[in-house]
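Listed below are the residues making up each chain.
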Amino acid sequence: MSGPEDIATALSRLRSGGLVAFPTETVYGLGADAFDATAVARVFALKGRPATNPLIVHVSGEAMARTVVSEWTADASTLAQTFWPGPLTIVLPKSDRIPAIVTAGGGSVGVRCPDHPVTLSLLEAFGPLVGPSANPSGRVSPTTAAHVRASFTPEQVLVLDGGPCRAGIESTVVSLVEPMPRVLRPGIISADQLSAALKKPVRPHTPGEVAIGAAASPGLLESHYAPATPAKLVDRGQIEAALKRGTPIIAVLALGPRGAPALHTVILMPDTPELYAARLYAALREADEVSAGQILIERPPESGPLWQAIADRLRRAASA
Ligand code: TXA
Ligand code: MG
């Protein structure tokens with residue numbers, strides 16, 4: 001676990017325009033000074049991220065959030081007071097201080113206060129940091145410091161280690177720049193929870209909404225969170241049939257015990273959505289590493305908002 005000395009090293013790296021990966025409760029972020037267009041350009045270049053996909057800005061709380069937006073609304077206050085620090089990104093009109101590269105030229109910015117003591121100290125000391133997930137664009141998000149180190153060298157990125165991420169899937173993104181608040185990316189916090197806090201309707205994210213979502217939030221493009229090995233979402237029966245065959249070698253993310261010939265790899269997934277989400281990205285990486293020809297993912301239930309957020313990630317992992 002990183003301590004005060006590591007945070008001091010990270011601060012000097014950030015002050016010279018460098019990149020620092022930081023832990024959050026969702027996934028690790030790839031941090032750079034949100035007010036420094038050159039530093040932010042390094043994030044896009046290193047991730048291979050399309051310039052059309054905006055970055056979210058991390059802040060230590062409501063006071064710092066006000067410095068990156070041009071309009072901090074009553075709804076924003078309510079959401080921040082209810083859910084921050086926590087897995088919620090709020091999209092608001094951007095401040096002129098935020099360079100255009102951060103928001104991909106758009107007029108709005110996503111802001112989030114993450115719930116992790118190491119990163120809250122870093123943000124307090126430094127100020128706002130951009131923070132996309134710390135993975136090459138389109139690949140599986142990192143949930144441990146080791147995952148980040150597997151993608152980037154120490155010269156490219158200094159990694160702060162905050163242990164494994166508790167929640168395991170990315171924050172809920174909610175837009176407050178439309179007539180009705182709208183979930184652009186489903187996550188741990190559901191549209192119903194947002195609606196209860198705001199005391200008004202919130203449009204949930206619907207899987208069929210991809211084309212609209214892609215325009216509003218390019219990160220919602222279909223192929224995303226994908227392992228290098230082709231992955232397929234299947235039902236239990238299809239897994240059992242596939243495992244009886246010898247080729248290709250298969251890695252399975254299964255929801256219940258499966259007997260399998262030794263050449264295949266079965267990764268047993270937890271059966272509660274909280275634990276499944278926390279385990280998912282590490283499991284996809286493990287499946288990727290056993291040099292299987294194919295990854296089969298047993299389709300989990302879609303009952304309840306957290307399973308639905310997981311289903312969203314699985315659809316993207318499987319649509320490469
Ligand atoms: O949990 C998280 O949100 C993690 C951790 C590190 O905080 N970060 C993360 O960042 O997932 P990233 O860049 O991988 O995903 C941010 C998502 C993308 O889908 C992006 O398109 C969307 O938020 N987004 C960012 N700014 C936006 C904006 N101004 N309007 C609409 N969507 C935006
Ligand atoms: Mg990402």
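Refer to the structure printed above.
Nothing here was measured: the structure is a model prediction, and the numbers come from that model.

## Some words on the overall build of the protein chain
Consideration 1: When helices and strands are counted, the protein chain shows eleven helices and 13 strands.
Consideration 2: For 320 residues, the compact-globule estimate of 2.2 N^0.38 gives 20 Å, and the protein chain sits close to it at 19 Å.
Consideration 3: Taken along its principal axes, the extent of the C-alpha atoms in the protein chain is 60 × 45 × 30 Å.
Consideration 4: For the protein chain, with 320 residues in total, the buried portion stands at 56%.

## Observations regarding the nonpolar core
Consideration 1: Val57, Val59, Leu79, Trp84, Leu88, Val130 and Leu194 are the most contacted members of the largest nonpolar core, which totals 48 residues.
Consideration 2: For Leu88, the residues in contact, after removing those within four places along its chain, are Leu79, Phe83, Val111, Arg112, Ser171, Thr172, Val174, Ile189 and Leu194.
Consideration 3: Val140, Tyr225, Met269 and Ala277 belong to the second largest nonpolar core, which has 26 residues in total.

## Things to note about the pattern of salt bridges
Consideration 1: Inspection of every chain in the model, using the stated rule, returns 14 salt bridges.
Consideration 2: For the salt bridge of Asp312 with Arg313, the shortest nitrogen-to-oxygen distance reads 2.9 Å. Here Asp312 and Arg313 have matching classes, each one buried.
Consideration 3: Here Asp312 and Arg316 are joined by a salt bridge, their closest N and O atoms 2.6 Å apart. Here Asp312 and its partner Arg316 are both found in helix α11 (residues 305–318), four residues apart, which amounts to about one turn of the helix.
Consideration 4: The buried category is assigned to Arg316, whose relative accessible area is 1%.
Consideration 5: In this structure, a network of salt bridges that share partners links the residues Glu170, Asp312, Arg313, Arg315 and Arg316.

## Description of the environment of Asp235
Consideration 1: Looking at the secondary structure, you find Asp235 in the loop between β10 (231–234) and α9 (236–244).
Consideration 2: When the C-alpha positions of Asp235 and Gln193 are compared, they lie 30 Å apart, and in sequence the two are 42 residues distant.

## Focus: α9
Consideration 1: Those residues of α9 that sit buried are Ile239, Ala242 and Leu243. On an axial view of α9, the arc spanned by its buried residues comes to 100 degrees, and they lie on one face.
Consideration 2: Each element contacted by the buried residues of α9 is listed here: β10, β11 (250–254) and β13 (294–298).

## Digging into the layout of surface pockets
Consideration 1: Size it by volume and the second largest pocket reaches roughly 430 Å³.
Consideration 2: In terms of lining, the second largest pocket is formed by 21 residues, of which the most central are Pro186, His205, Pro305, Gln308 and Ala309.
Consideration 3: Counting residues per element, the ones that place at least two in the lining of the second largest pocket are α7 (191–198) and α11.
Consideration 4: The greatest single-element share of the lining of the second largest pocket, amounting to seven residues, is contributed by α11.
Consideration 5: Looking at the lining of the second largest pocket residue by residue, the class counts come to twelve nonpolar, four polar and five charged.

## A look at the sheet that holds β10
Neighbouring strands of a sheet are bound in pairs by backbone hydrogen bonds; such pairs are parallel or else antiparallel.
Consideration 1: One open sheet holds the four strands; their spatial order is β10-β13-β11-β12, and the pairing between them is parallel. In this open sheet, the two edge strands, each paired with only one partner strand, are β10 and β12 (265–268). When strand polarity is set aside, the average angle formed by the axes of neighbouring strands in this sheet is 20 degrees.
Consideration 2: Here β11 pairs with β13 via four bridges, running parallel.

## So, the packing of aromatic side chains
Consideration 1: This model, assessed by the stated rule, comprises two aromatic pairs.
Consideration 2: Between the aromatic rings of Tyr276 and Trp307, the centroid separation amounts to 5.3 Å while the plane-to-plane angle is 65 degrees, which identifies the pairing as edge-to-face. Highlighted residues: Tyr276 in helix α10 (residues 273–289) and Trp307 in helix α11, separated in sequence by 31 residues. For the pair Tyr276 and Trp307, one class covers both residues: buried.
Consideration 3: Of note, Arg97 hangs over the ring of Phe35, and the distance from its end group to the ring centre comes to 4.0 Å.

Criteria and thresholds
Residues numbered from 1 in each chain as written. Chains lettered and ligands numbered in written order. Predicted model: local features only at pLDDT ≥ 70, side-chain atom pairs only at ≥ 80, totals over all residues. Heavy atoms only, no water. Helix = DSSP H or I, 4+ residues; strand = E, 2+ residues; numbered from the N terminus. Rg over C-alpha atoms; globule rule 2.2 N^0.38 Å. Buried < 20%, exposed > 50% of the residue type's maximum accessible area, 1.4 Å probe, protein only. Core = buried A, V, L, I, M, F, W, Y, C linked by side-chain atoms within 4.5 Å. Contact = heavy atoms within 4.5 Å. Salt bridge = Lys/Arg side-chain N within 4 Å of Asp/Glu carboxyl O. Arc of directions from axis to C-beta. 1 Å grid on protein atoms, 1.4 Å probe; cavity = no way out; pocket = protein on both sides within 12 Å on 5 of 7 lines; lining within 4 Å. Points joined across faces, edges and corners; volume = space filled by probe spheres on them. Nonpolar A, V, L, I, M, F, W, Y, C, P; charged D, E, K, R; others polar. Pairing = 2+ DSSP bridges. Axes fitted to C-alpha atoms, helices over the stretch in contact; angles between N-to-C directions. Phe/Tyr/Trp six-rings, centres within 6.5 Å; stacked < 30°, edge-to-face > 60°. Lys NZ or Arg CZ within 6 Å of the ring centre and 35° of its normal.

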